[in-house]
Amino acid sequence: MKNVNHRNKTSRLARVLIGVSIVLTTALFFVAVEIDDLLRENHLNEVRADSTVNLIEVREHIEESIFGHFLLLQKVTTYVEENPDATQDEFSAYISTLDYLPEEVINFATARDLVVDMVYPVEGNESVLGFDYRSNPDQRPGIERSIENRRATVVGPIDLVQGGKGFIFRQPAYVNDPSSETGKRLWGIVSIVAEHDAFLDVTGLNELSDEFDMLITTDPQYAGRERVILGNPEVATRSPINLDLEFPTGHWEVAAIPAGGWPTNSPTYVKDRILLAFGSAVIIGLVLLVATLAVLQRRAQVRLTEAIEAMDGGFAMFDHKGRLVAFNAKYMEMYAVSSERIREGARFEDIIRLGVQNGQHPDAIGREEKWIHKRLESFFGPDTEFEQELSNGRYLLASDRALSDGGRLCVRTDVTQLKQAVDQAEAASRAKSEFIDTLSHELRTPITVILGLSSLGKNFETLGMTKILREKLDDPEVEIDEIKDAVSVLVKHFTDTMEKQERSAKHLHGLVEDMIDFAKIESRKLAVRPETVDIVDLVSSVTDQIRIKAEEKGLAFKVEAEKGEVFCDQLRTTQILLNLVGNAIKFTETGGIEMKAWREGDSAIFEVSDSGPGIPTADQKRIFNAFEQLESSNVRRHSGIGLGLAISRTLADAQNGSLHVDSEPGKGSTFTLRLPSNERHGSARDYGTHANRLDSAA
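Residues numbered from 1 in each chain as written. Predicted model: local features only at pLDDT ≥ 70, side-chain atom pairs only at ≥ 80, totals over all residues. Heavy atoms only, no water.

Draft legend 1. Summary view of the overall build of the protein chain. The secondary structure content of the protein chain amounts to 17 helices and 21 strands. Across the 698 residues that make up the protein chain, the buried fraction comes to 38%. For the protein chain, restricting intrachain contacts to residue pairs at least 6 apart in sequence, the fraction spanning at least 24 positions comes to 61%. (Helix = DSSP H or I, 4+ residues; strand = E, 2+ residues; numbered from the N terminus. Buried < 20%, exposed > 50% of the residue type's maximum accessible area, 1.4 Å probe, protein only. Contact = heavy atoms within 4.5 Å.)

Draft legend 2. Structural context of the pattern of salt bridges. In total, this model carries 18 salt bridges according to the counting rule given. With a closest N to O distance of 2.8 Å, lysine 165 and aspartate 159 form a salt bridge. Put simply, lysine 330 and glutamate 333 hold a salt bridge, and the shortest N to O gap is 4.0 Å. One end of the pair is lysine 330 and the other is glutamate 333, both in helix 8 (residues 329-334) and three residues apart, which spans about a single turn. Its relative accessible area of 28% is what places lysine 330 among the partly exposed residues. With a relative accessible area of 53%, glutamate 333 lands in the exposed category. Through salt bridges with shared partners, a single ionic network connects Arg347, Glu349, Asp350, Arg353 and Glu369. (Salt bridge = Lys/Arg side-chain N within 4 Å of Asp/Glu carboxyl O.)

Draft legend 3. Region of interest: a nonpolar patch on the surface. On the surface, a cluster of nonpolar side chains totalling about 310 Å² of accessible area is made up of Phe29, Phe30 and Val33. Structurally, phenylalanine 30 is set in helix 1 (residues 2-82). Overall, the relative accessible area of 54% leaves phenylalanine 30 in the exposed class. (Patch = residues over 30% accessible without salt bridge, like charges linked within 9 Å, V, L, I, M, F, W, Y side chains within 5 Å. Areas by Shrake-Rupley, 256 points an atom, 1.4 Å probe, with all protein chains shown as cover.)

Draft legend 4. Up close: the packing of aromatic side chains. Throughout the structure, instances matching the rule amount to 10 aromatic pairs. Between the aromatic rings of phenylalanine 318 and phenylalanine 348, the centroid separation amounts to 5.4 Å while the plane-to-plane angle is 85°, which identifies the pairing as edge-to-face. With a gap of 30 residues between them, phenylalanine 318 in strand 10 (residues 314-318) and phenylalanine 348 in helix 9 (residues 348-357) connect regions that are remote in the sequence. Comparing phenylalanine 318 with phenylalanine 348, the two get one shared label, buried. Sitting above the plane of the tyrosine 174 ring, arginine 150 keeps its charged end 4.1 Å from the centroid. Its end group placed over the ring of phenylalanine 379, arginine 408 keeps NZ or CZ at 5.7 Å from the ring centre. (Phe/Tyr/Trp six-rings, centres within 6.5 Å; stacked < 30°, edge-to-face > 60°. Lys NZ or Arg CZ within 6 Å of the ring centre and 35° of its normal.)

Draft legend 5. Highlighting helix 4 (residues 196-203). Along helix 4, the residues classified as buried are His196, Phe199, Leu200 and Thr203. Relative to the axis of helix 4, the buried residues are bounded by an arc of 100° and lie together on one face. Measuring from the backbone nitrogen of aspartate 197 back to the side-chain oxygen at the start of helix 4 gives 3.0 Å, which picks out glutamate 195 as the cap. A positive phi of about 90° marks glycine 204, the residue just after helix 4. (Arc of directions from axis to C-beta. Polar contact = N/O pair within 3.5 Å; in protein donor to acceptor, adjacent residues only side chain to side chain.)

Draft legend 6. View of the nonpolar core. Membership of the largest hydrophobic core comes to 48 residues, with the highest contact counts inside it found for Phe169, Met214 and Trp252. Counting residues per element, this core draws most heavily on helix 1, at 11 residues. Beyond its immediate stretch of four places on either side in the chain, phenylalanine 169 contacts Ile66, His69, Phe70, Leu73, Thr153, Val154, Val190, Ser191, Ile192, Ala194 and Phe199. Phe557, Ala604, Ile615 and Phe671 belong to the second-largest nonpolar core, a separate cluster that totals 37 residues. (Core = buried A, V, L, I, M, F, W, Y, C linked by side-chain atoms within 4.5 Å.)

Draft legend 7. Structural view of the sheet that holds strand 16 (residues 556-561). Ordered by their spatial adjacency, five strands build an open sheet running 16-18-19-21-20, and the pairing between neighbours is mixed. Two strands bound the open sheet, and with one partner strand each, they are strand 16 and strand 20 (658-663). Within this sheet the neighbouring strands show an average axis-to-axis angle of 15°, counted without direction. Where strand 19 (residues 603-610) lies against strand 21 (residues 669-676), seven bridges are found, and the strand directions are antiparallel. Bridge pairing links serine 603 to proline 676 in strand 21. On the sheet, helix 14 (residues 535-552) packs against strand 16, strand 18 (592-600) and strand 19 and is oriented at approximately 180° with respect to strand 16. Packing of helix 16 (residues 644-654) onto the sheet brings it into contact with strand 20 and strand 21, and relative to strand 20 it is tilted by some 130°. (Pairing = 2+ DSSP bridges. Axes fitted to C-alpha atoms, helices over the stretch in contact; angles between N-to-C directions.)

Draft legend 8. Inspection of the sheet that holds strand 14 (residues 408-414) at higher detail. One open sheet holds the five strands; their spatial order is 11-10-14-13-12, and the pairing between them is antiparallel. Two strands lie at the open edges of the sheet, namely strand 11 (324-327) and strand 12 (384-389), each paired on one side alone. Neighbouring strand axes in the sheet, compared pairwise and without regard to direction, differ in orientation by 20° on average. Direction of pairing for strand 10 relative to strand 14: antiparallel, over a ladder of five bridges. Each bridged residue has a counterpart across the sheet, and for glycine 314 the counterpart in strand 14 is arginine 412. Across the sheet, helix 10 (residues 368-379) is in contact with strand 10, strand 12, strand 13 (395-402) and strand 14; its angle to strand 14 comes to roughly 115°.

Draft legend 9. Molecular detail of the side chain of threonine 672. The residue threonine 672 is located in strand 21 in this model. When its relative accessible area of 10% is taken as the criterion, threonine 672 is described as buried. Residues in contact with threonine 672, not counting those within four places in the same chain, are Ile605, Phe606, Glu607, Ser658, Leu659 and His660.

Draft legend 10. Molecular detail of the confidence of the model for the protein chain. Counting all residues, the mean pLDDT for the protein chain is 78, and 77% of those residues have values of 70 or more. For the stretch residues 222-226, pLDDT sits under 50, and the model shows 12 contacts to residues farther than four places along the chain or on other chains. In this model residues 686-698 is a low-confidence stretch, pLDDT under 50, and it forms 30 contacts with partners more than four residues away in sequence or in other chains. (pLDDT = per-residue confidence, 0-100.)

Draft legend 11. Representation of a negative patch on the surface within the structure. On the surface, Asp197, Asp201, Glu207, Asp210 and Glu211 cluster together into a patch of negative charge. By the secondary structure assignment, glutamate 211 is in the loop between helix 5 (205-208) and strand 6 (212-218). (Lys, Arg positive; Asp, Glu negative; His and termini not counted. Charge placed at Lys NZ, Arg CZ, Asp CG, Glu CD.)

Draft legend 12. Representation of the pairing of strand 5 (residues 184-195) within the structure. The pairing of strand 1 (residues 105-112) with strand 5 spans seven bridges and is antiparallel. Residue pairing across strands places alanine 111 opposite isoleucine 189, the latter belonging to strand 5. Strand direction decides the pairing type here: strand 4 (residues 165-176) and strand 5, joined by 11 bridges, are antiparallel. Looking at the pairing, proline 172 lines up with isoleucine 189 of strand 5.

Draft legend 13. Spatial organisation of the packing of helix 14 against helix 15 (residues 570-587). At a closest axis distance of 10 Å, the pairing of helix 14 and helix 15 adopts a crossing angle of 30°. Taken as axis vectors, helix 14 and helix 15 run roughly parallel relative to one another. The two elements helix 14 and helix 15 meet at a crossing, and its hand is right-handed. Residues Leu538, Ser541, Val542, Gln545, Ile546, Lys549 and Ala550 of helix 14 touch helix 15, and the partners they reach there are Gln570, Thr573, Thr574, Leu577, Leu578, Val581, Gly582 and Ile585. (Parallel < 35°, antiparallel > 145°, perpendicular 65-115°, else oblique. Left-handed = near helix turned anticlockwise from the far one by under 90°.)

Draft legend 14. Layout of the packing of helix 15 against helix 16. Contact pair helix 15 / helix 16: the axes reach a minimum separation of 9 Å and the direction vectors enclose 145°. The element helix 15 and its partner helix 16 pack so that their crossing is left-handed. Residues Arg572, Gln575, Ile576, Asn579, Leu580 and Asn583 of helix 15 lie in contact with helix 16, whose contacting residues are Gly644, Leu645, Ile647, Ser648, Leu651 and Ala652. Partitioning the contact of helix 15 with helix 16 into residue classes produces six nonpolar, five polar and one charged. (Nonpolar A, V, L, I, M, F, W, Y, C, P; charged D, E, K, R; others polar.)

Draft legend 15. Expanded view of the environment of arginine 59. Counting through the fold element by element, arginine 59 comes out in helix 1. Through-space distance from the C-alpha of arginine 59 to that of leucine 243 is 8.1 Å; in sequence the pair is 184 residues apart. Not counting residues within four places of it along the chain, the set of residues in contact with arginine 59 comprises Leu243, Asp244 and Leu245.

And the structure:
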């Protein structure tokens, strides 16, 4: 039985070895083929590199030659601009004196008003004289581009008027003209014509064609359509070397391959094959061992990687020198700002320096080097656990632990939600305490006044002025005028007392009304019934109710209302405007209040401006939050529980309108209420979104 098992195991091992051998041989064959391809490709790359160097040298020669023609053209153009009235003889005499007259140049020509009037040499170019560029559809686009760009251009190959093909260098010439806006006017065109074949000889392109199969083309945007300068168009389909020749407003493309095509094998082809065959025998023996070790290592690595990636938090491991050994995707995601340096082998110091440089750690701003030094001490020190804030608003619970080999194990847990929940709970607690303090203060004050004045009224008989009046009434000798004066004093005191009680009651009533409106908003029971209302009547009802408050405080109150209509809930809109004007009076000590109303397109606009202290930009959103005031409950100078503007904006939103503020500290504030001017644009809007904002603020 043991022999059978042994034979089975041996047979199984033999099958495995045979299978592995077949796989290895097949793999080795493909490797050999790949290496052979790489050797061939390497040789091909060397040939391409050498060929490219040769072509670059030629390209430099071509560019040098062409720029030489441009310099020559510039000289002739300068002469023409300085001598716009030169004759043919004078022009010929000047050209003959030039130091550099390339052999490939057929002629120099000038075209005053785009008609050729001078040419050098005249002999052989008589047909060019009188040529009108505007009448030639082939050359006119090049002329127009040269004039449009006010620069020299080169076009070609092009059919020449005097026969044959050539390259034409052109440049517009300008002369002084005081009547022109620029002080210059177009005189005409100066051109140099180079013979096609001679130009290719001078540049070395014809000689290069013995070594390379070439194709040189012009860019269609400069030539009007693609034109072949030299070579066979099939070269472009055979993986050529491509070089660009750039000229002023011109572009040539050079494509070249070695004459006869690219080599298919390297010169050491046979030798390389022998070496590959010899190496294969050695590799087959080694691959089995390497493959076994690789499989085992891979299996262990995969297990470790899967375990690390399965973690909910970030994981990173550093060696004793602070170099990154392993990490998971969560770690890179948490430190996204430093992710470009989170690579195996990266130094911990380099990673945190990049994070500090890009503002990833808010607590390092302003003390970067000190923070980095302290963080490195902590990292290489004893085991630590701390909370870390990131610039994206996330909070991490960081744990750095020492390993037995001196390395560090870093675990990061995102505790942002927990942190936010704690902060929100604390903020809600503070808001609740602030609101209770404010509400208790605002309610206690008027109630105290009412109760106090009621107590005085209940003890009316004990008042000193009441006793004085009674004594005067009982005294038969007292004059009637004295009694009248005593009665007047008593009546005035009683009237003042009632006015104070009435003001306190109205204030208390206003607080209760705000609380009721807020409760309606929270419960979605706020009713808005829009209708067409006259703007002037609406503004008048507001000013009649509140003007006296401004006058009592010594403030100017200016009102401007244009005729028109607004589609709104009159009661709720009046409530908004009373709140805006009331706030303006409350917070303005000197100066005045101005209220404007007008029709603008499909909207009616109400604007309330004051000369008060203004509102800082950072606080302009806060004032529309429920229970929000810029004064704390401990230093309050003005009454209110902070619901007025929140309710006003909600009422504006509910009427398909808007309410916003424009203010600058020290320059007052302007509140603008915008409402629909007609029913077509004024259907009531769901105010649930704003109500939710009030809910969260509460």
